[in-house]
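Listed below, chain by chain, are the residues.
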Amino acid sequence: MTRVPTISFEFFPPKDEAGEAKLWETLERLAPYGPRFVSVTYGAGGSTRERTSRIVTRIKRESGLEPAAHLTCVGATCGEVDEVARGWWGAGIRHVVALRGDAPAGSGGYSPHPGGYANGAELTAGLRRIGDFEISVGAYPESHPDSASPEADMDNLKRKLDAGANRAITQYFFDAEVFLRFRDRCAAAGITAPIVPGVLPVTNFKKVVEFSAACGAAVPAWMADLFEGLDGDPETRQLVAASTASELCLALMAEGVEDFHFYTLNRPQLAAAICRRLGVRPELEAAA
């Protein structure tokens, strides 16, 4: 019997009160699936830092879920970033997703903030000096678009793990072989930390194509064929999204993958459907 996988969920911070209410409904819907943690992202350029802090602190205070707060190097000095991290530690938050971060739109590309952490490895080392955080970092099976080569990208991942990160969570991908080849490369490079696949259920194909071009993720032709003609049919798009993401996870599980991180886009129905397909049942049902 295939082992039931361990899961985690990622959410983005809401823009307004209505969005925050919807986020809490999403959290309540997915909490019974027993995620190892739930993470809350930053906006580009650290633009939602205060909102992210408020949300993760509330999750820690008011829910039974373990929050993981995203933290980036963008737009802040080391002291300002450290202050945020110390505030989280004081609020009982022990898990941080440490990322270099993306530059704000129109800024001409990433450059370190004067007096700030230059990259994810420096940020990870800084967090280790503050407290015994659990630290997750990013990994890129198809290489980060700013990397000079796949080898340079792998070296950067090693630096982040050597600086004290506990695991790496990957950028999304759509072909199981992409992750499996990357896993093999990590092992050949001497990386022993867990490499957790990040899974994105696709509902808006056009937007995913645009974002993938910027982040270096390949979108296979078969996916374009699946979504062709569905622009005006959101119900079918949802079914296709759940099916393709589930098939990807099942293919990875057949190769021994036991941990998945879902980019939920704050859509609980999709994440719940995929969890059920993988054998992850709500805790009340599992106990019945």
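See the structure printed just above.
Conventions used here
Residues numbered from 1 in each chain as written. Predicted model: local features only at pLDDT ≥ 70, side-chain atom pairs only at ≥ 80, totals over all residues. Heavy atoms only, no water. Helix = DSSP H or I, 4+ residues; strand = E, 2+ residues; numbered from the N terminus. Rg over C-alpha atoms; globule rule 2.2 N^0.38 Å. Buried < 20%, exposed > 50% of the residue type's maximum accessible area, 1.4 Å probe, protein only. Contact = heavy atoms within 4.5 Å. Areas by Shrake-Rupley, 256 points an atom, 1.4 Å probe, with all protein chains shown as cover. Phe/Tyr/Trp six-rings, centres within 6.5 Å; stacked < 30°, edge-to-face > 60°. Lys NZ or Arg CZ within 6 Å of the ring centre and 35° of its normal. 1 Å grid on protein atoms, 1.4 Å probe; cavity = no way out; pocket = protein on both sides within 12 Å on 5 of 7 lines; lining within 4 Å. Points joined across faces, edges and corners; volume = space filled by probe spheres on them. Nonpolar A, V, L, I, M, F, W, Y, C, P; charged D, E, K, R; others polar.

Draft legend 1. Molecular detail of the overall build of the protein. Looking only at helices and strands, the protein features 11 helices and nine strands. Relative to the compact-globule value of 19 Å for 288 residues, the protein shows a C-alpha radius of gyration of 18 Å, a close match. If one aligns the C-alpha atoms of the protein with their principal axes, the spans along those axes are about 50 × 45 × 40 Å. For the protein, the proportion of its 288 residues judged to be buried stands at 49%. Contacts in the protein between residues at least 24 apart in sequence constitute 78% of all its contacts with a sequence separation of at least 6. With the model as given, the accessible surface of the protein reaches about 13600 Å², and the carbon-plus-sulfur share is 51%.

Draft legend 2. Representation of the packing of aromatic side chains within the structure. Taken as a whole and judged by the stated rule, the model has eight aromatic pairs. With 5.6 Å between their ring centres and 15° between their planes, F173 and F179 make a pair best called stacked. Of the two residues examined, F173 and F179, each falls in the buried class. These aromatic residues form a ring-pair network of at least three members: F9, F11, F260 and F262. Residue placement shows R94 over the ring face of W89; its charged tip is 3.7 Å from the ring centre.

Draft legend 3. Broad picture of the environment of L180. Topologically, L180 is positioned in helix α6 (residues 176-188). With 39 residues separating them in the primary sequence, L180 and P141 have C-alpha atoms 8.9 Å apart. Discounting chain neighbours no more than four positions away, the residues touching L180 are L252 and E255.

Draft legend 4. Structural view of empty space enclosed by the protein. Summed over the entire model, instances satisfying the criterion amount to three cavities of 30 Å³ or more. Of the volumes computed, that of the largest cavity is approximately 60 Å³. Lining the largest cavity we find F174, L200, P201, V202, W222, M223, A241, T244, A245 and L248. Breaking the lining of the largest cavity down by element, the ones donating at least two residues are α8 (221-227) and α9 (234-253). Here the residues of the lining of the largest cavity sort into nine nonpolar, one polar and no charged. The wall of the second largest cavity is formed by Y140, P141, E142, S143, Q171, Y172, C215, G216 and A217.

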